[in-house]
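A closer look at the structure
These are the residues of each chain, in order.
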2 protein chains.
Amino acid sequence: MSNRRFLLVRRPNGMPVPEDFSLRDEAVPQPAPGSIIVKNYFASLDPAQRGWMDDAPSYMPPIRLGDPVRATTVGRVHGSANKDFAVGDWVVGLNAIEEYSIVAPGGFTSKIDVSGVPSPSYFLSALGAVGLTAYFGLLEGGNPQAGETVLVSAAAGAVGSVVGQIAKIKGCRAIGIAGGATKCRRLIADYGFDVAIDYRNKTVEQLSAEIAAAAPGGANIVFENVGGDILDAALMNLALQARIVLCGLISEYNSPHGKTGARNIWQLIVKRATMRGFLIADYVPRFAEGGAQIAQWIAQKRLRVDEHTVTGIENAYDAFMLLFKGGNDGKLLLKIA
Amino acid sequence: MSNRRFLLVRRPNGMPVPEDFSLRDEAVPQPAPGSIIVKNYFASLDPAQRGWMDDAPSYMPPIRLGDPVRATTVGRVHGSANKDFAVGDWVVGLNAIEEYSIVAPGGFTSKIDVSGVPSPSYFLSALGAVGLTAYFGLLEGGNPQAGETVLVSAAAGAVGSVVGQIAKIKGCRAIGIAGGATKCRRLIADYGFDVAIDYRNKTVEQLSAEIAAAAPGGANIVFENVGGDILDAALMNLALQARIVLCGLISEYNSPHGKTGARNIWQLIVKRATMRGFLIADYVPRFAEGGAQIAQWIAQKRLRVDEHTVTGIENAYDAFMLLFKGGNDGKLLLKIA
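Predicted, not measured: the structure shown is a model, and the values here were computed from it.

1. Some words on the overall build of chain A
The helix and strand tally for chain A stands at nine helices and 15 strands. At 20 Å, chain A has a C-alpha radius of gyration in line with the 20 Å of a compact globule built from 337 residues. With the C-alpha coordinates aligned to their principal axes, the bounding extent of chain A is approximately 60 × 45 × 35 Å. Across the 337 residues in chain A, those meeting the buried criterion constitute 52%. Within chain A, residue pairs in contact and separated by at least 24 positions form 65% of the contacts whose partners lie at least 6 positions apart.

As structure tokens, this is what we get:
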């Protein structure tokens with residue numbers, strides 16, 4: 001029995017290439033006293049992982065070269081030297097893209113009850129960081145009021161699609177920005193957005209004009225996942241006292257030329273608007289509350305959460321790259337076992 | 001008797017040049033019913049005026065070509081067709097750089113009591129938008145707590161020098177960024193900053209390293225007047241939950257190449273920080289409260305407000321340009337009468 005691990009062996013320069021990684025076969029570890037061994041069934045693939053590959057000051061240390069790529073995983077306890085975990089327990093935690101993870105006490109791993117969900121993978125999507133980021137990001141970061149307009153970038157993505165649906169549940173108008181006609185159709189048909197805007201092949205001015213047409217009074221809330229031109233166009237269409245929830249900046253994670261940031265922040269002064277950085281880790285104490293609400297909305301068929309699953313750890317690189325090509329429909333997952 | 005007026009005759013492309021303006025001699029106007037004629041004694045010269053010269057969507061309409069350059073002025077009522085104003089009353093209001101302004105009812109003009117101040121010009125500096133911007137911007141926008149670190153850009157400027165002093169009054173550590181050794185000395189000697197950093201001839205990385213050395217735990221509050229490299233360096237040195245009060249972006253007002261904005265906004269996510277646009281106009285209902293507190297601090301000699309006065313409306317252009325050359329020491333005023 002072996003443990004295949006997807007290692008980071010070189011820091012990507014811009015867009016990651018296959019040579020930045022290596023799939024290594026190692027022995028399955030034994031649990032040290034107090035530790036457990038988790039057999040990973042699903043690994044979450046997220047834009048944030050790209051940031052962890054850089055040697056830059058962030059909210060977590062960079063992934064060390066030679067270590068497997070850090071990832072939240074769902075799996076089962078394979079071996080236990082900890083009285084709180086029994087072999088066979090389902091768990092979720094911050095582990096890595098590898099078949100078996102060793103988890104020391106005090107890690108982020110916690111037991112989950114998978115009996116009520118269609119798949120254990122839900123703890124990486126609807127009931128995981130994705131659903132909770134949408135929930136707390138929009139509600140706490142944006143404070144939406146009925147009748148307000150919510151503008152969402154990467155709106156067909158894992159987080160964006162949930163943000164739009166929660167905006168609608170809260171009585172807001174939802175405008176989604178996505179790439180391509182297919183995704184734009186899904187925004188309306190699958191996720192209930194009021195307006196879908198295709199950003200492809202448009203200048204900041206053209207995109208800004210389309211947002212203005214869709215939201216003549218401006219956006220009260222911008223839920224930003226992309227940055228760059230899309231954020232610049234959003235900044236030109238703020239309502240007074242607008243709130244920008246800065247959740248991600250996927251457009252610049254692979255830029256070898258440095259960061260673009262936001263060029264039109266002067267509009268924050270003009271509109272007395274706020275741009276606030278959001279990180280789901282701050283809401284760990286409220287995960288149960290958020291998860292319960294999301295589960296209820298799903299049960300009521302008011303919320304739809306899609307998963308896009310790629311099977312096989314040997315496909316980890318190709319799967320990860322889908323994030324930066326807009327190639328995934330729904331939360332991107334790697335099925336490992 | 002004539003009325004010299006400093007007109008905007010062409011929209012500046014980048015840095016304003018003398019040909020963008022014209023000093024015109026016109027007849028002194030007569031007050032229409034309900035209006036007053038104000039003889040302007042002092043005009044306030046502010047970076048915001050540069051923004052009003054552009055044809056861009058902002059919180060106020062652009063100055064129309066052929067109109068005098070909009071400015072807050074202090075003056076006396078020269079003619080009145082309004083029962084609330086008598087000839088000789090001192091007033092402050094949003095008028096223009098001209099010897100006489102006609103003020104219609106409902107304008108921003110209000111009567112002031114100049115008996116308790118060293119000069120009526122104080123209503124354009126300590127007790128005007130400058131003092132009130134520092135007061136409300138820092139206290140409401142930044143919410144400083146004793147022991148926190150406040151980083152101020154353009155710290156020797158009219159607003160910045162007051163921000164630093166109020167930060168000290170509130171028990172904070174104040175770090176000021178200014179251009180040149182003379183200004184840096186004044187930050188310490190005149191305004192009580194704990195640390196002065198000279199930004200001149202430094203890269204973002206060098207500036208960031210100096211801020212890091214002065215504030216190893218990061219800045220809890222950034223009071224931003226400049227933007228560009230200085231804001232980028234500040235963004236790399238935020239404490240968790242930092243608040244950036246975005247008050248001005250003087251570095252880009254004259255840029256003919258479009259806006260730089262903020263390149264390092266990814267740090268807002270890393271530090272879960274907030275960048276909030278601030279405009280003093282929102283605080284008009286609380287001006288009396290702020291003005292009273294500032295006047296008290298001045299009387300107690302806890303707050304020093306410097307004025308830099310240029311005399312003569314014929315020097316309006318040269319005076320205005322001091323703002324962009326860092327040439328003024330204290331609040332820049334044009335003495336007209």
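2. Here we look at the relation of the copies chain B and chain A
In the superposition of chain B on chain A (RMSD 0.0 Å, axial shift 0.0 Å), the rotation amounts to 180°. Such a turn and shift between the copies fits a two-fold axis. Take the interface residues of chain B: 100% of them recur as interface residues in chain A, which is what a same-surface contact looks like.

3. A few points about the domain arrangement of chain A
Residue and element names in this part refer to chain A. Along its sequence, chain A is organised into domain 1 (2–125 + 306–335) and domain 2 (129–281). In this structure, domain 1 and domain 2 have C-alpha centres spaced 28 Å apart. Taken together, the contact pairs 15 residues of domain 1 with 14 residues of domain 2. Sorting the residues of the side of domain 1 that touches domain 2 by element identifies helix 1 (48–52) and strand 15 (331–335) as the ones contributing at least two each. Residue composition of the side of domain 1 that touches domain 2, grouped by class: five nonpolar, seven polar and three charged.

4. Thoughts on unusual backbone geometry
Residue and element names in this part refer to chain A. At A154, a position not held by glycine, the phi torsion is positive, near 50°. Within the element layout of this structure, A154 appears in the loop between strand 8 (149–152) and helix 3 (158–169). A residue is classified by how many C-beta atoms lie within 10 Å of it, and A154, with 29 of them, is buried. Positioned with a positive phi, N201 is a non-glycine residue whose angle comes to about 60°.

5. Notes on the sheet that holds strand 9 (residues 173–178) of chain B
An order of 10(A)-9(A)-8(A)-11(A)-12(A)-13(A)-13(B)-12(B)-11(B)-8(B)-9(B)-10(B) is seen for the twelve strands of this open sheet, with the pairing classed as mixed. The sheet is open, and its two borders are formed by strand 10 (195–198) of chain A together with strand 10 (195–198) of chain B, each paired with just one other strand. For this sheet, the mean angle separating the axes of adjacent strands, direction not counted, is 15°. Pairing geometry for strand 8 of chain A and strand 11 (residues 219–224) of chain A, over three bridges, is parallel. Looking at strand 11 of chain A, one finds that L151 of chain A is bridged to V222 of chain A. Helix 2 (residues 129–142) of chain B rests against strand 11 (219–224), strand 12 (238–246) and strand 13 (274–277) of chain B of the sheet, and its axis sits at about 140° to strand 12 of chain B. On the sheet, helix 6 (residues 228–235) of chain B packs against strand 8 (149–153), strand 9, strand 11 and strand 12 of chain B and is oriented at approximately 170° with respect to strand 11 of chain B.

6. Some details on the interface of chain B and chain A
Of the residues lining the interface, 26 residues belong to chain B; the matching set on chain A comes to 26 residues. Of all the elements in the fold, those that place two or more residues in the side of chain B that touches chain A are helix 7 (266–270) and strand 13 of chain B. Split into classes, the residues belonging to the side of chain B that touches chain A amount to 13 nonpolar, seven polar and six charged. With three bridges connecting them, strand 13 (residues 274–277) of chain A and strand 13 of chain B associate as antiparallel partners. If you follow M275 of chain A over to strand 13 of chain B, its bridge partner there is M275 of chain B.

7. A few points about the packing of helix 2 (residues 129–142) of chain A against helix 8 (residues 287–299) of chain A
All names here are of chain A. Taken N-terminus to C-terminus, the directions of helix 2 and helix 8 make an angle of 100°; their axes are 10 Å apart at the nearest point. By the angle between their axes, helix 2 is roughly perpendicular relative to helix 8. Taken together, the residues of helix 8 that come into contact with helix 2 (itself represented by G131, L132, Y135 and F136) are F287, G290, G291, Q293 and I294. In terms of residue class, the contact of helix 2 with helix 8 is made up of five nonpolar, four polar and no charged.

8. Observations regarding the nonpolar core
L334 of chain A together with L334 of chain B are the most contacted members of the largest nonpolar core, which has 212 residues in total. In this structure, L334 of chain A is in contact with F42, A43, L45, I97, V310, I313, A316 and A319 of chain A, ignoring residues within four places of it in sequence.

9. Some points on the environment of Q49 of chain A
Residues and elements named next belong to chain A. By the secondary structure assignment, Q49 is in helix 1. Residues Q49 and S22, spaced 27 residues apart in sequence, show a C-alpha to C-alpha distance of 16 Å. In contact with Q49, other than residues within four places in its own chain, are V69, R70 and A71.

10. Focus on the confidence of the model for chain A
Here chain A shows a mean pLDDT of 95. Residues at 70 or above account for 100%. Scoring of the predicted complex yields 0.92 for pTM and 0.91 for ipTM.

11. Remarks on the environment of W90 of chain A
Residue and element names in this part refer to chain A. Inspection of the secondary structure assignment puts W90 in strand 5 (residues 90–96). Assessed through the 17 C-beta atoms surrounding it within 10 Å, W90 is described here as partly exposed. Excluding its chain neighbours within four sequence positions, the residues that come into contact with W90 are R76, K111, I112, V114 and P120.

12. What about the environment of R302 of chain B?
Residues and elements named next belong to chain B. Positionally, R302 belongs in the loop between helix 8 (287–299) and strand 14 (307–311). Here R302 falls in the partly exposed class, since 13 other C-beta atoms lie within 10 Å of it. Between the C-alpha atom of R302 and that of I169, which follows or precedes it by 133 residues, the distance is 7.7 Å. Beyond its immediate stretch of four places on either side in the chain, R302 contacts I169 and W297.

Conventions used here
- Residues numbered from 1 in each chain as written.
- Chains lettered and ligands numbered in written order.
- Predicted model: local features only at pLDDT ≥ 70, side-chain atom pairs only at ≥ 80, totals over all residues.
- Helix = DSSP H or I, 4+ residues; strand = E, 2+ residues; numbered from the N terminus.
- Rg over C-alpha atoms; globule rule 2.2 N^0.38 Å.
- Buried ≥ 20, exposed ≤ 12 C-beta atoms within 10 Å, placed from the backbone.
- Contact = placed C-beta atoms within 7 Å.
- Least-squares fit on C-alpha atoms with pLDDT ≥ 70 in both.
- Domains from an automatic or database assignment.
- Nonpolar A, V, L, I, M, F, W, Y, C, P; charged D, E, K, R; others polar.
- Pairing = 2+ DSSP bridges.
- Axes fitted to C-alpha atoms, helices over the stretch in contact; angles between N-to-C directions.
- Parallel < 35°, antiparallel > 145°, perpendicular 65-115°, else oblique.
- Core = buried A, V, L, I, M, F, W, Y, C linked by C-beta atoms within 7 Å.
- pLDDT = per-residue confidence, 0-100.

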